[in-house]
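Survey of secondary and tertiary structure
So you can see what is in the structure, the chains are spelled out below.
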Amino acid sequence: MRKLTVAAVVTIAALIAASPTLAQTTATAQVKGADGKDLGLVTLTEAPHGVLLKLELKGLTPGWHAAHFHEKGDCGAPDFKSAGAHVHTAATTVHGLLNPASNDSGDLPNIFANADGSATAEVYSPLVSLKGAGGRPALLDADGSAIVVHANADDHMSQPIGGAGARAACGVIK
Ligand SMILES: [Cu+2]
Ligand SMILES: [Zn+2]
């Protein structure tokens, strides 16, 4: 009887852990261009100390592109300004992974698009969480968040967005 009860508890715990509605450990962002064209998928996985991203994109301009987490889950405006600023917590945000004063949680390494416009990469951010783990800003907060790919590379230093230029692609994280 006792053994049966323990087995039942373990089974229920396993079911809860596997349920995306009760404990979401992954998220996805379907990325689109300014013309609404499908530009591929970003899969986000909660890691013990951050979030791991798998980018499988297409249709980009060949070369380096900035990628950032933006603070609202809204890619509705054609210029993607509806996604807001970078995910941040401080009142005054200092951008740049290489900037000594940086406090910007939305910053990410650049990605590289091949001659055919495809970009495949895994990228890790220790600055955010999916749902607030470790006190890090939650991508899946009340107003959501988006991943934005810019026209140009991020210099990781200059303000406000490292010279990344226009917002070329956007995907709501959900
Ligand atoms: Cu950005
Ligand atoms: Zn930034």
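Residues numbered from 1 in each chain as written. Chains lettered and ligands numbered in written order. Predicted model: local features only at pLDDT ≥ 70, side-chain atom pairs only at ≥ 80, totals over all residues.

1. Points about the overall build of the protein chain
Helix and strand counts for the protein chain stand at one helix and nine strands. Ordered by position from the N terminus, the helices and strands of the protein chain form the series α-β-β-β-β-β-β-β-β-β. Looking at the protein chain residue by residue over its 174 residues, the buried ones come to 36%. (Helix = DSSP H or I, 4+ residues; strand = E, 2+ residues; numbered from the N terminus. Buried ≥ 20, exposed ≤ 12 C-beta atoms within 10 Å, placed from the backbone.)

2. A look at the environment of Lys-174
Note on placement: Lys-174 falls in the segment after strand 9 (167–173). For Lys-174, a count of 15 C-beta atoms within 10 Å translates into the label partly exposed. For the pair Lys-174 and Ala-146, spaced 28 residues apart in sequence, the C-alpha separation works out to 8.8 Å.

3. Remarks on the sheet that holds strand 7 (residues 119–125)
With antiparallel pairing, seven strands are arranged side by side in an open sheet as 5-8-9-1-2-3-7. Looking along the sheet, the strands with just one partner apiece sit at the ends: strand 5 (67–70) and strand 7. The sheet shows a mean angle of 20° between the axes of neighbouring strands, taken without regard to direction. Where strand 5 lies against strand 8 (residues 146–150), four bridges are found, and the strand directions are antiparallel. Paired with His-68 across the two strands is Val-148, which belongs to strand 8. (Pairing = 2+ DSSP bridges. Axes fitted to C-alpha atoms, helices over the stretch in contact; angles between N-to-C directions.)

4. What about the pairing of strand 1 (residues 26–33)?
As paired strands, strand 1 and strand 2 (residues 38–47) are joined by seven bridges and run antiparallel to one another. The residue of strand 2 that forms the bridge with Thr-26 is Thr-45. Between the antiparallel neighbours strand 1 and strand 2 lie four residues, among them Gly-36 with a positive phi of about 85°. Both strand 1 and strand 9 contribute to a ladder of five bridges, which runs antiparallel. Considered in strand 9, the bridge of Gln-30 is made with Val-172.

That is the geometry; function is a separate question.
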